[in-house]
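# Structural description and commentary
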Number of protein chains: 2
Amino acid sequence: MEQPIFYPIGTPVEDLDTPVAVVDLDIMEQNIKTLHSFFANTTAKVRPHIKVHRCPAIAHQQLQAEGNTGGICTAKIGEAEVFAQSGFSDILIANQIVTKQKLQRLASLAKTNTITVNADNLKNVQDLSDAAQEADSIINVLVEINTRLNRCGVEPGQPAVNLAKAIAKAPSLNFAGVTTYEGAIKHENYEDLVTETHKYIRQVLDSKEAIEKAGIPVDTVSVGGTHNYEIAGAIEGVTEIQAASYVLMEWNYVPFRPMFKPAFKVMATITSRPAPNAATADCGHKTLGPDKGLPMTDTLPGLTITRVSAEHTKITWDENEPDKLNVGDKVWVTPHTLEICVNLFDYMFAIRKGKLEAIWEISARGRYD
Amino acid sequence: MEQPIFYPIGTPVEDLDTPVAVVDLDIMEQNIKTLHSFFANTTAKVRPHIKVHRCPAIAHQQLQAEGNTGGICTAKIGEAEVFAQSGFSDILIANQIVTKQKLQRLASLAKTNTITVNADNLKNVQDLSDAAQEADSIINVLVEINTRLNRCGVEPGQPAVNLAKAIAKAPSLNFAGVTTYEGAIKHENYEDLVTETHKYIRQVLDSKEAIEKAGIPVDTVSVGGTHNYEIAGAIEGVTEIQAASYVLMEWNYVPFRPMFKPAFKVMATITSRPAPNAATADCGHKTLGPDKGLPMTDTLPGLTITRVSAEHTKITWDENEPDKLNVGDKVWVTPHTLEICVNLFDYMFAIRKGKLEAIWEISARGRYD
């Protein structure tokens, strides 16, 4: 694993060695303020999803801000274990847990924490119940409803009711409510975003009503995300928003949610100059993540990232401006897909006004289990 | 970081929890044998590049096989530090080292190990020399020549000679020879592969002759890779081949090098069944790496991976065969780009004939520095 060289607090960011994962605290704090202040006076609250940063230090700041449920979301039991160790006791694992070992770990974690999990399958409900009984714990279970991604979840309506009944009847399980992950809806047209958001969340609320008609109370309706937090958060009946991206943001998402700014970047060093208008930096796919799109750089006007390979990033500029970058220069690279990039690092260097303020462990890095 | 559940030796692979990184030892050992046996009776030897696995346990096996130089390649000083700690004392860092901190670390590592590095820049040669003088060590330096990728390296011929002269004159540096990374040449037509290989390596050998004409001996000509090892390794004057992929292999490379088989796979579990002919597995881009192409699965005939997102992989099959996979079933996923996938994991589970034989730390994971 990564072995950070620990620099003194106050070190200028340019003096850090590269490639290094950097978070700008002023930007991150403003992102948190922007989203959380919306939830100060709403019935719905935000449950931060930590999948994008995997970093307890950041999640603590999210829960110190206003308008949250007091809990977090994770995608994996392994992430939940790390965050429980870091003082988070109300955790929704927004996913299915199905293997025997993970069911045991889930039930064990529920002995000392408030643990909620998604289910979309009757056999899985039985297995969850068996594991909780064996461990003498109570697991909260949400019915996950498939609204858009066709990836997980039962269909809305009667299938959701049937699963809710099974959960409500199962020993050692507590039926907690309904949820969906509709996926990030990216509309530049706000009216379309409102229409789409209502369309998918309506299916969840209709299922909620059908479950309540069957005599089962529904406490939680957990939907939405960074893409539609203020729309979903204002719909009557919605109790919590699972928002992830807002806190660090990624640049390809900014056109759709311009109220948030990218707070996380990789700083790299130019190591070679293959041509008068080209330079090679010491970051690549191993540090930046996949190439759904090319990363961007705002180091100097006119620089373009034209190619990324495993260990190298090539930057070019107008051929009338030779030697715009030289060997040893530092450059800032903003990855295309943030959550995958952050997961590549074990440590994040927190910077304010260009100086080091903290080094944070990305404690749940690699916890895919 | 990942916290492996340590299973007893002999555990059936299907009993490991998922997603898990698995190496098949029979296949890996055959891959090593195939490549290394070629070098048993050649002048050129193989210098395994560890970038693809970052795992000392594997590199030790590569150096125990015949036909190697006794040394390894890395891409980063951070990887070299990890491997030096694991008993490798002859390390070529096949890259440029330019930052002050890394130059100091390089010079320090060279005090107790045989350390070689690539250079392509006069200022960098001066910096390397200053660092080695300061640390009272000797650094071996290869002139890197740009032959194909336009990413690093001086041009062949006179620029290579000029740089070699500067290295030979610099205090505390030892001019070691010439190198190029021509990049993996993927030709299905063998004749074209031979032609291309000779074309690029010719430029390196011509530069070598020019440097020798200038009165500077050239010990090392380090070129080639898995893509052309038997062609490059047979060219007179070539002293070592930097081969990486052969040991674990990736499936998209197999059509070009069918003598090697994929030895590394990710085992995952089906967690949801969104449709009668579709299943969702608990691996995704965070465990498999980027989507230059979709991964493949050979779990059952007729299964196709149709979509990968951050945490999920969707598998579909012919709609006339419903329920081919069920929740809880294990599936095997072979990633598209292996070296990036392996770097996502902290541990690799070594399997022989379906049973656990060892758990190996991927010790240099995350060492991008």
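Not measured: the values here are computed from a predicted model. (Residues numbered from 1 in each chain as written. Chains lettered and ligands numbered in written order. Predicted model: local features only at pLDDT ≥ 70, side-chain atom pairs only at ≥ 80, totals over all residues. Heavy atoms only, no water.)

## Focus on the overall build of chain A
To keep things clear, this is the line we draw: Numbering of helices and strands runs from the N terminus, with a helix taken as a DSSP run of H or I at least four residues long and a strand as a DSSP run of E at least two residues long. Taken over C-alpha atoms, the radius of gyration is set against a globule rule of 2.2 Å times the number of residues to the power 0.38. We call a residue buried when its accessible area falls under 20% of the maximum for its residue type, exposed when it is over 50%, and partly exposed in between, using a 1.4 Å probe and counting protein chains only. In this description, contact between two residues means that some pair of their heavy atoms is separated by no more than 4.5 Å. Calculation of accessible area relied on Shrake-Rupley with a 1.4 Å probe; when residues are assessed, cover is drawn exclusively from the protein chains displayed.
If you tally the helices and strands in chain A, you get 10 helices and 16 strands. Taking 21 Å as the expected radius of gyration for a compact globule of 369 residues, we find that chain A reaches 22 Å, a close match to that expectation. When its C-alpha atoms are laid out on the principal axes, chain A stretches across 75 × 45 × 35 Å. The 369 residues of chain A split such that 63% are buried. Of the contacts formed within chain A by residues at least 6 apart in sequence, a portion of 70% connects residues at least 24 apart. Total accessible area on chain A is roughly 13200 Å²; 49% of this is exposed by carbon and sulfur atoms.

## Focus on the relation of the copies chain A and chain B
Convention followed: Least-squares fitting of one copy onto the other uses the C-alpha atoms of those residues that reach a pLDDT of at least 70 in both copies.
Mapping chain A onto chain B leaves a residual RMSD of 0.0 Å; the transformation is a rotation of 180° accompanied by 0.0 Å of translation along its axis. Viewed as a symmetry operation, the transformation between the two copies matches a two-fold axis. Closest to the rotation axis within chain A is the C-alpha of P290 of chain A, separated from it by 1.9 Å. The share of interface residues of chain A whose copies in chain B are also at the interface is 100%, consistent with both copies meeting through the same surface.

## What about helix α6 (residues 158-169) of chain A?
Residues and elements named next belong to chain A. Spelled out, the test is: Each residue after the first adds 1.5 Å to the expected span of a helix.
End to end, α6 covers 17 Å across 12 residues, agreeing with the expected 16 Å (1.5 Å per residue, within 8%). Residues of α6 that are buried: A160, V161, L163, A164, A166 and I167. Those residues of α6 that are buried lie in contact with β5 (114-119), α5 (122-135), β6 (139-144), β7 (173-179) and α7 (190-213).

## Section: the environment of A166 of chain A
Residue and element names in this part refer to chain A. Note on placement: A166 falls in helix α6. Spatially, the C-alpha atom of A166 lies 7.2 Å from that of L122, the residues being 44 residues apart in sequence. With sequence-adjacent residues up to four places away left out, A166 is seen in contact with L122 and V125.

## Structural notes on the environment of A275 of chain B
Residue and element names in this part refer to chain B. Secondary-structure assignment places A275 in strand β10 (residues 264-275). Residue classification places A275 among the partly exposed positions, given a relative accessible area of 25%. For A275 and S222, which are 53 residues apart along the polypeptide, the C-alpha to C-alpha distance reads 53 Å.

## Things to note about the pattern of salt bridges
If charged atoms from side chains of opposite charge come close, those side chains can pair. All names here are of chain B. This is how the line gets drawn: Criterion for a salt bridge: a side-chain nitrogen of Lys or Arg within 4 Å of a carboxyl oxygen of Asp or Glu.
This structure, assessed with the given rule, holds 53 salt bridges over all chains. Across the pair R105 and D369 runs a salt bridge whose closest N-O atoms are separated by 2.6 Å. In this pair, R105 sits in helix α4 (residues 100-109) while D369 sits in the segment after β16 (355-361), placing the two residues 264 residues apart along the sequence. Residue classification places R105 among the buried positions, given a relative accessible area of 13%.

## Some points on the sheet that holds strand β4 (residues 90-93) of chain A
Residues and elements named next belong to chain A. The condition that has to hold: Here, a strand pair is defined by DSSP locating no fewer than two bridges between the strands.
Spatially, β2-β9-β8-β7-β6-β5-β4-β3 is the arrangement adopted by the 8 strands of the open sheet, whose pairing is parallel. This sheet does not close on itself; its edge strands, each paired only once, are β2 (45-46) and β3 (72-74). In this structure, β3 lies alongside β4, joined through 3 bridges in parallel fashion. Its bridge partner being in β4, C73 is matched across the sheet by L92.

## A look at the packing of aromatic side chains
Where two aromatic rings form a pair, the distance of their centres and the angle of their planes describe that pair. Residue and element names in this part refer to chain A. Cut-off, in case you're wondering: Between the rings of Phe, Tyr and Trp (Trp by its six-membered ring), a pair exists once the centres lie within 6.5 Å; its type follows the angle of the planes, with under 30 degrees stacked, over 60 edge-to-face, and the other angles tilted.
Scanning the entire structure with this criterion turns up 18 aromatic pairs over all chains. Note on F39 and Y229: the rings are 6.1 Å apart at their centroids and 45° apart in plane angle, and the pair reads as tilted. Note that F39 is positioned in the loop between α1 (25-38) and β2 and Y229 in helix α8 (residues 229-232), a separation of 190 residues in sequence. Comparing F39 with Y229, the two get one shared label, buried. Following the ring pairs from residue to residue traces out a cluster consisting of F38, F39, Y229, Y246 and F260.

## Some details on the sheet that holds strand β7 (residues 173-179) of chain B
All names here are of chain B. To be explicit about the condition: Only C-alpha atoms enter the line fits that serve as axes; for helices the fit covers just the stretch in contact. Angles between N-to-C directions range over 0 to 180 degrees.
Here we have 8 strands laid out as an open sheet, ordered β2-β9-β8-β7-β6-β5-β4-β3, and parallel in their pairing. The open sheet has two edge strands with one neighbour each: β2 (45-46) and β3 (72-74). Here helix α5 (residues 122-135) sits on the sheet and contacts β5 (114-119), β6 (139-144) and β7; the angle it forms with β5, its principal contact strand, is near 160°.

## Details of the interface of chain A and chain B
The criterion, for reference: Buried area is a sum: the accessible area each of two parts loses on coming together, probed at 1.4 Å, counted once for each and added. The term polar contact refers here to a pair of N or O atoms within 3.5 Å; inside protein, the definition further demands a hydrogen-donor-capable atom paired with an acceptor-capable atom, and it admits residues adjacent in sequence only when both atoms are side-chain atoms. All amino acids are sorted into three groups, where Ala, Val, Leu, Ile, Met, Phe, Trp, Tyr, Cys and Pro are nonpolar, Asp, Glu, Lys and Arg are charged, and the leftover types, Gly among them, are polar.
Between chain A and chain B, the contact holds 58 residues from the first and 58 residues from the second. Of the roughly 5200 Å² buried between chain A and chain B, counting both surfaces, carbon and sulfur atoms make up 48%. In this assembly, chain A and chain B are joined by 10 salt bridges. With its nearest N and O atoms 2.8 Å apart, the salt bridge here joins E339 of chain A to K286 of chain B. At the boundary of chain A and chain B, one finds 36 residue pairs in polar contact (both at pLDDT 80 or more). Listed by contribution, the elements that provide at least two residues to the side of chain A that touches chain B are α4 (100-109), β10 (264-275), α9 (285-288) and α10 (338-342) of chain A. If you tally residues by element for the side of chain A that touches chain B, the top one is β10 of chain A, at 5 residues. Residues of the side of chain A that touches chain B, tallied by class, amount to 16 nonpolar, 21 polar and 21 charged.

## Regarding α5 of chain A
Residue and element names in this part refer to chain A. For α5, with 14 residues, the first-to-last C-alpha span of 20 Å sits near the 20 Å given by 1.5 Å per residue. Within the sequence span of α5, burial applies to N124, V125, D127, L128, S129, A131, A132 and A135. One side-chain oxygen at the N-terminal end of α5 lies 3.0 Å from the backbone nitrogen of K123; it belongs to N121. Phi turns positive, to about 60°, at D136, one or two residues after α5.

## Digging into the domain arrangement of chain A
Residue and element names in this part refer to chain A. For clarity, the threshold we go by: These domain boundaries are the output of an automatic or database domain assignment.
Per the domain assignment, the segments of chain A are domain 1 (13-21 + 261-361) and domain 2 (25-250). Summarising the inter-unit geometry, the C-alpha centres of domain 1 and domain 2 are found 34 Å apart. Contacts between domain 1 and domain 2 engage 18 residues on the former and 19 residues on the latter. Interface area, domain 1 with domain 2, both sides summed: about 1600 Å², of which 59% is carbon and sulfur. Counting the contacts that link domain 1 with domain 2 gives 3 salt bridges. As a salt-bridge pair, K353 and D26 come within 2.8 Å of each other at their nearest N and O atoms.

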